[in-house]
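Chain residues, written in single-letter form:
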Amino acid sequence: MAVDLQKVKELRERTNSGFLDCKTALEENNNDIEASIKWLQQKGIIKAAKKSSRIAAEGIVRAYVNNNVAVLFELNSETDFVAKNKLFLEFADKLQEFLVKTSFKNIDDLLNKKLDGLSIDDYCKDLTAKIGEKISLRRVEKYEAKSGEIVAGYTHANNRVASIVFAKGNKVEDLRHIAMHITALNPSYIFETDIPKSILTKITNEIAKSPKLVNKPEKIQQSIKEGMLRKEFNDLGVLMYQPYVMDDSKTVGKFLSEISLELKCAKRFEVGEGIEKKTVDFASEVAEQMNSK
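Residues numbered from 1 in each chain as written. Predicted model: local features only at pLDDT ≥ 70, side-chain atom pairs only at ≥ 80, totals over all residues. Heavy atoms only, no water.

Peer 1: Describe helix α2 (residues 19-28), and please don't skip the residues or the numbers.
Peer 2: Along α2, the positions that sit buried rather than exposed are Phe19, Cys22, Ala25 and Leu26. In an axial view of α2, the angular spread of the buried residues amounts to 130°, which keeps them on one side of the axis. Among the residues trailing α2, Asn30 stands out with phi positive, at a value near 50°. (Buried < 20%, exposed > 50% of the residue type's maximum accessible area, 1.4 Å probe, protein only. Helix = DSSP H or I, 4+ residues; strand = E, 2+ residues; numbered from the N terminus. Arc of directions from axis to C-beta.)

What follows is the structure, encoded as structure tokens:
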């Protein structure tokens, strides 16, 4: 029977098997995808190791706050389509509850922790087998507030970018707005102290040579330098010097000072940032495999 090439492509993407193997499987199973997957499994063609080598650069990020604990995590899939899968989202819901209650040192330690009798790593592998795409928990941040401290978080509606923040003070809703600001504007640095020394030195040296300072009294020069430095920090993307998204008449730093909130740290995740995505040319891949036979 004639094989549906679109199904060959889908089967290839779901199993990472070769073109000819997928074509044969569909021929043997009347173009039935699920039956073809079972056939490939029985023939030993699908290798779990192959799935583990795939690039999972899509998925979701989520900020979740429960009382005094905030977690931020990235759960990856290979395609944006699977990021909307019911099983995938049910796992994300379970995971966020698990993360706020579980202590862990780092991502490797976390992957060995058990959820519903399975390690997180094995849970991802089990989900990979069920869904047909590589599922992985890439990274997690967690802030826990003590007395006099608060946490907040914000997840954008597209579930592709989110932030959590940690501060001293008691204005939780205002802190959540700061998380929204960070999510939207993506500052390069939180504080000026986060700027690399080489960049800071370059900025201050350039300001010191500015023609605006020529023949000005020392006090005026200092005021000009401070103004130029504030502008440079804003242009560089330092959070505390950015116009506040809820009231751009003041900077984030000024707003926090006015409401007596002392920001301690913040973290922002965006889906797939830093991952080199692989581009697959299906036509070239088919031709290559045909020529190799």
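Peer 1: I'd like to hear about the nonpolar core, residue by residue, with values.
Peer 2: Counting 26 residues, the largest nonpolar core has Phe73, Leu75, Phe88, Phe91, Leu95, Ile120 and Leu137 as its most contacted members. Listing elements by their share of this core, those giving two or more residues are β1 (58-66), β2 (69-77), α5 (86-101), α6 (107-111), α7 (120-131) and β5 (136-144). The dominant element in this core, judged by the number of residues it contributes, is α5, at 7 residues. Residues contacting Ile120, with those up to four places away along its chain left out, are Leu95, Phe98, Leu110, Leu111, Lys113, Leu115 and Leu137. (Core = buried A, V, L, I, M, F, W, Y, C linked by side-chain atoms within 4.5 Å. Contact = heavy atoms within 4.5 Å.)

Peer 1: Residue-level account of unusual backbone geometry, with values.
Peer 2: A positive phi angle, near 55°, is found at Asp116, a position not held by glycine. With respect to the helices and strands, the residue Asp116 is situated in the loop between β3 (114-115) and β4 (118-119). On the basis of relative accessible area, Asp116 is assigned to the exposed category, the value being 53%. A positive phi angle is found at Asn215, which is not glycine, with a value near 65°. Residue position: Asn215 is located in the loop between α9 (197-208) and α10 (218-236).

Peer 1: Tell me about the environment of Phe191, residues and numbers included.
Peer 2: Relative to the helices and strands, Phe191 resides in the loop between α8 (172-185) and α9. Distance from Phe191 to Gly237, taken between C-alpha atoms, is 9.7 Å for residues 46 residues apart in sequence. Residues in contact with Phe191, not counting those within four places in the same chain, are Val238, Met240, Leu263 and Lys264.

Peer 1: Kindly report on the pairing of strand β7 (residues 161-168), identifying the contributing residues and their values.
Peer 2: Of all 8 residues in β7, 7 are buried, a share of seventy percent or more. Examined bridge by bridge, strand β6 (residues 149-155) and β7 share 7 bridges and lie antiparallel to one another. Looking across to β7, one finds that Ile150 is bridged to Ala167. With antiparallel pairing between neighbouring strands as the criterion, β6 and β7 make up a hairpin whose turn holds 5 residues, including Asn159 at a positive phi of roughly 60°. As defined by bridge partners, β7 adjoins strand β10 (residues 262-270) across 8 bridges and the pair is classed as antiparallel. Each bridged residue has a counterpart across the sheet, and for Phe166 the counterpart in β10 is Cys265. (Pairing = 2+ DSSP bridges.)

Peer 1: Break down the packing of aromatic side chains for me, with residues and values.
Peer 2: Tallied over the full model, the rule gives 4 aromatic pairs. Arranged with centres 4.3 Å apart and planes meeting at 20°, the rings of Tyr244 and Phe255 form a pair that is stacked. A residue pair is termed long-range when its members are at least 10 positions apart, and Tyr244 in strand β8 (residues 243-244) and Phe255 in helix α11 (residues 252-258) qualify at 11 residues. Of the residues examined, Tyr244 reaches a relative accessible area of 2% and is grouped as buried. (Phe/Tyr/Trp six-rings, centres within 6.5 Å; stacked < 30°, edge-to-face > 60°.)

Peer 1: How would you sum up α8? Please name residues and give values.
Peer 2: Here α8 contains 14 residues, and its C-alpha end-to-end distance of 20 Å stays within 8% of the 20 Å for a straight helix at 1.5 Å per residue. Among the residues making up α8, those that are buried are Leu175, His177, Ile178, Ala179, His181, Ile182 and Thr183. On its buried face, α8 sits against β6, β7, β8, α11 and β10. Of the residues flanking the end of α8, it is Asn186, one or two places downstream, whose phi is positive at about 50°. (Expected span 1.5 Å × (residues − 1).)

Peer 1: Account for a nonpolar patch on the surface, naming residues and giving values.
Peer 2: Together, Leu185, Val245 and Met246 line one region of the surface with nonpolar side chains, adding up to about 250 Å² of accessible area. Inspection of the secondary structure assignment puts Val245 in the loop between β8 and β9 (247-251). (Patch = residues over 30% accessible without salt bridge, like charges linked within 9 Å, V, L, I, M, F, W, Y side chains within 5 Å. Areas by Shrake-Rupley, 256 points an atom, 1.4 Å probe, with all protein chains shown as cover. Salt bridge = Lys/Arg side-chain N within 4 Å of Asp/Glu carboxyl O.)

Peer 1: Give me the lowdown on the pairing of β9, citing residues and values where you can.
Peer 2: Direction of pairing for β8 relative to β9: antiparallel, over a ladder of 2 bridges. In the sheet register, Tyr244 faces β9, and the bridge partner there is Asp247.

Peer 1: Quick one: what's the story with the sheet that holds β6, residue by residue and with numbers?
Peer 2: Pairing in this open sheet of 3 strands is antiparallel, and the strands run β6-β7-β10 from one edge to the other. In this open sheet, the two edge strands, each paired with only one partner strand, are β6 and β10. Strand-to-strand twist across the sheet, computed as the mean angle between neighbouring axes with direction ignored, equals 10°. Contacts from α8 reach β6, β7 and β10, with the element oriented near 40° to β6. (Axes fitted to C-alpha atoms, helices over the stretch in contact; angles between N-to-C directions.)

Peer 1: How would you summarise the packing of helix α1 (residues 5-15) against α2 if you had to cite specific residues and measurements?
Peer 2: Contact geometry of α1 with α2 gives a least axis separation of 9 Å together with a crossing angle of 120°. Helix-helix and strand crossings are classified by hand; for α1 and α2 the assignment is right-handed. Mapping the contact onto sequence places Leu5, Lys7, Val8, Leu11, Arg12 and Thr15 in α1 and Phe19, Cys22, Lys23, Ala25 and Leu26 in α2. Looking at the contact of α1 with α2, its residues break down into 7 nonpolar, 1 polar and 3 charged. (Left-handed = near helix turned anticlockwise from the far one by under 90°. Nonpolar A, V, L, I, M, F, W, Y, C, P; charged D, E, K, R; others polar.)

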